[in-house]
Structure formats: C-alpha cells, structure tokens
Amino acid sequence: TKPALYYYFQNKEQILLECYRAGIASIEGLLEEGRLEDGTGLERVKTYLRVYATAIVSHDFGRCVAMLDDSELSPAARREVRSLKRRIDASIRGYIEDGIADGSIGGCNPKLAAFAAAGAINWIGTWYRPEGDLKGEEIAAGFAELLTHGLAKRNGAAARNGPRATTVAKGK
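Residues numbered from 1 in each chain as written. Predicted model: local features only at pLDDT ≥ 70, side-chain atom pairs only at ≥ 80, totals over all residues. Heavy atoms only, no water.

1. Observations regarding the overall build of the protein chain
Thought 1: In terms of regular secondary structure, the protein chain is built from nine helices and zero strands.
Thought 2: Secondary structure elements of the protein chain occur, N-terminal to C-terminal, as α-α-α-α-α-α-α-α-α.
Thought 3: Classification of the 172 residues of the protein chain by burial places 37% in the buried group.
Thought 4: Here the contacts in the protein chain between residues at least 6 apart in sequence split such that 65% fall between residues at least 24 apart. (Helix = DSSP H or I, 4+ residues; strand = E, 2+ residues; numbered from the N terminus. Buried < 20%, exposed > 50% of the residue type's maximum accessible area, 1.4 Å probe, protein only. Contact = heavy atoms within 4.5 Å.)

Below is the structure:
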C-alpha cells in the first residue's frame, strides 16, 4: 500500500533512486558472474554485452536502469545516478580498449563504441515484452553478436576499404 511504501521512503525520487541502485547492483552482480577475465578483449565485450542485455530483459530493476530519465531527479540524485552509469560505461570502454590493444578489435574510438553499444542495449528496455516472440536470452545473444561483429578487426580489403569492398571485389 502507499502508506506502507512511504513508511520506508520519503518520496518518489527516493523510490526511483533505490530502484536504480538495485538495478545497477543486479547488473554488476551478473557481470561478476560473467567470467569477464577470460578471452580476448572482443570476447569479453561480447560477454559483457550479452550479460548486460540479459539484465535488461530479465530483471525489472535492470529495465529501470535503461529507462530512467535522470533529468527529472534533483541535482544530488542526478549526480549519483550519473556516477553509477559511468561505472557501466567505464567497464565496457575498458574492455574495448583491451580489445584494441590485443588486436581483436579494430581501431575505433572506445568512447563512441561504448556509447553506441550501451545505447543499443539500453533501448531494448523500451520495446522488449516478455510475452513477445523473441525470448530474452535470444535478444541478449543476438545484440551481443551484432554489436561485437561491428567492432571485430577485419583483415585484407575489408579492413582497408570497409566491409562492402570484399563483396564488390568478388563481383557479388
């Protein structure tokens, strides 16, 4: 009931902030279980994105993280939420940088790549419906595959001229 809820929380903002904290804790807990220390940078990015997307589709608090508009929060709450978001960003950016360093990810701007990947994953929270045709794990795996495919280092003509160059060169 509303009176019981407000016994524990002072206002709606505090409820929202606690939901956000719980969402970040849930995502970080799943990521800790995700064996992110194994493999190349690209493999770790793929695992990270799959786990992050799984949190969005399988946990209400994960969806809260993706959908929260922090512009409606007080300045202090907004600073906290943005600090929590930066932790997620720093993690994925670090894995992208690792992949560039180990050669599994082609040269790119890690900040832009992290923003693009996180934005795509976060958008799942706006359209995903558990009763829909695609299951959460299918979506998580599919997004991780699509997003990391774009980061993967390419060899030969594709690396020099873009992905269409090999198709055109082969006469397709």
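2. As for the environment of glutamate 13
Thought 1: Within the fold, glutamate 13 resides in helix H2 (residues 12–33).
Thought 2: For glutamate 13, a relative accessible area of 25% translates into the label partly exposed.
Thought 3: Once residues within four sequence positions are removed from consideration, glutamate 13 is found in contact with Leu73, Ser74 and Ala77.

3. Structural notes on the pattern of salt bridges
Thought 1: Counted according to the given criterion, the structure contains six salt bridges.
Thought 2: A salt bridge links glutamate 145 to lysine 46; its shortest N-O distance comes to 2.4 Å. Separated by 99 residues along the polypeptide, glutamate 145 in helix H7 (residues 136–151) and lysine 46 in helix H3 (residues 41–58) bring together distant segments of the chain.
Thought 3: As a salt-bridge pair, aspartate 89 and arginine 93 come within 2.5 Å of each other at their nearest N and O atoms. Taken together, the residues aspartate 89 and arginine 93, both in helix H5 (residues 75–102) and four residues apart, mark about one turn of the helix.
Thought 4: You can call aspartate 89 buried: its relative accessible area is 15%.
Thought 5: It is possible to trace a salt-bridge network through shared partners that takes in Glu18, Arg21 and Glu80. (Salt bridge = Lys/Arg side-chain N within 4 Å of Asp/Glu carboxyl O.)

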